[in-house]
Amino acid sequence: MARYVVVGRRKRTAMPRPDFPRTLGEFQVRFSTEDACRRYLRESRWPDGYRCPRCQHAEAYSVARGALLQCRACRYQISVTAGTVMHRTRVPLRDWFWAAYLVTTHTPGFSALQLQRQLGLGRYETAWTMLQKLRRAMIRPERDRITGIVEVDETYLGGVEEGRGGGRRRDSSKSIVVAAVEVRGRGTGRIRLGVVPDVSGQSLVGFVEAAVAPGSTVRTDGWQGYAPLTQRGYDHRPTTQGAPKEAAALFPRIHRVFTHLKTWIWGTHRGVSKKHLPHYLNEFVFRFNRRRTPMAAFQSLLGLTGQHSATTYRGLYDAESTG
Ligand SMILES: [Zn+2]
């Protein structure tokens, strides 16, 4: 016997999306049933009240135990999970919500094994597939550039960690990661990360042009690779003083980002291959830039923001900015 619940009578004023639980306990209580998850999906999807995609009617019945909404006028049915990562999967919504929450808020990142244990899933493969889907949602289609005062520096990942010594040698066992970090007073704003093939002006300036809006103030160390930035329309402020090793003191924000990145990659993932590094950088940037807006991160991971397009890998394997 279907339960008929009429939805969509809400007044058509600008309604905010439903709020996000602040704590783990709150999250578990709030999303403890499939019903609660479906309700959240409906509210996220139609924050201004239901509208039939076919006839624009504003009332629908909830059918198939809440999995579908049926238009009261034309009987058109739509799944509450249509267009999201959860669509047509056998995994309960509760588990999806929990996984997205963990991936969004668990700073060091999450392995498939950890997820399997947390959710009590019988099969490792289920956890792995869920994580893959959630990670794909971290590849953002928009690539707006960061602005204002921006620090830019590079670091080496992989192989044996060494100082740069007298110069910037190329070592093929390592990847070169460049970061651009917004300075916000004493704090840190958004970041962009990219992989570059070398530390030439072409590579470094190419990264900056993809990651940072022209007209921004760009702080770098004295490396000549950054010299062309002025010609390219940036207010370039190189710091020429000091040895390369003092870069950590020069750019504390960026070096905190590098430290977190390395801890995450080595600690959680035991290192990452060159081929997959760009994906991990994407994930890191996604989470970092949404660290203060977990609800937005949670919703875009589940595919609730509406903007999420099919996975695009274009640009991931070159030196473009990510996130
Ligand atoms: Zn209709």
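Residues numbered from 1 in each chain as written. Predicted model: local features only at pLDDT ≥ 70, side-chain atom pairs only at ≥ 80, totals over all residues. Heavy atoms only, no water.

This next bit is on the coordination of the zinc ion. A metal bound by six donors in octahedral fashion has ideal angles of 90 or 180 degrees, whereas one bound by four tetrahedral donors has an ideal angle of 109.5 degrees. Within the protein, the zinc ion binds to Cys-52 (SG), Cys-55 (SG), Cys-71 (SG) and Cys-74 (SG); these donor distances fall in the range 2.3 Å. Taken together, the 4 donor atoms surrounding the zinc ion define angles of 103 to 115° at the centre, an arrangement classified as tetrahedral. Going along the chain, you hit the donors of the zinc ion in the pattern C-x2-C-x15-C-x2-C. Linking Cys-52 in the loop between helix H2 (34-45) and strand S2 (60-63) with Cys-71 in strand S3 (residues 68-71), this pair joins segments that are 19 residues apart in sequence. A relative accessible area of 0% places Cys-52 in the buried class. On the accessibility criterion, Cys-71 (1% relative accessible area) is buried. (Donors = N, O, S within 2.8 Å, 3.2 Å for Na, K, Ca; no water. Tetrahedral: all angles 85-135°; square planar, octahedral: opposite > 155°, others 65-115°. Helix = DSSP H or I, 4+ residues; strand = E, 2+ residues; numbered from the N terminus. Buried < 20%, exposed > 50% of the residue type's maximum accessible area, 1.4 Å probe, protein only.)

Quick look at the environment of Trp-266 now. For Trp-266, the position within the fold is in helix H8 (residues 252-268). A residue is classified by how much of its surface remains accessible, and Trp-266, at 39% relative accessible area, is partly exposed. Each C-alpha atom, one on Trp-266 and one on Leu-157, is 9.9 Å from the other, the two residues being 109 residues apart in sequence.

Judged by pairing direction, the sheet is mixed, and its 5 strands sit side by side in the order S7-S6-S5-S8-S9 without closing on themselves. Strands with a single pairing partner mark the edges of an open sheet, and in this sheet they are strand S7 (187-196) and strand S9 (235-239). If you compare each strand with its neighbour and ignore which way they point, the axes differ by 25° on average. Summarising the sheet, strand S5 (residues 149-157) and strand S8 (residues 217-221) pair through 3 bridges and their orientation is parallel. Residue pairing across strands places Ile-149 opposite Thr-217, the latter belonging to S8. Contacts between helix H6 (residues 201-211) and the sheet are confined to S5, strand S6 (175-184), S7 and S8, with S7 contributing the most and set at about 135° to the helix. Those strands touched by helix H9 (residues 277-289) are S5, S6 and S7, and its axis lies near 170° from that of S7. (Pairing = 2+ DSSP bridges. Axes fitted to C-alpha atoms, helices over the stretch in contact; angles between N-to-C directions. Contact = heavy atoms within 4.5 Å.)

Their axes nearest at 11 Å, the elements helix H3 (residues 93-105) and helix H4 (residues 112-119) cross at an angle of 135°. Looking at the two axes, H3 sits oblique to H4. As for the relative orientation of H3 and H4, their crossing is right-handed in sense. Contacts between H3 and H4 involve Asp-95, Trp-98, Ala-99 and Leu-102 from the first element and Leu-115, Gln-118 and Leu-119 from the second. A per-class count over the contact of H3 with H4 returns 5 nonpolar, 1 polar and 1 charged. (Parallel < 35°, antiparallel > 145°, perpendicular 65-115°, else oblique. Left-handed = near helix turned anticlockwise from the far one by under 90°. Nonpolar A, V, L, I, M, F, W, Y, C, P; charged D, E, K, R; others polar.)

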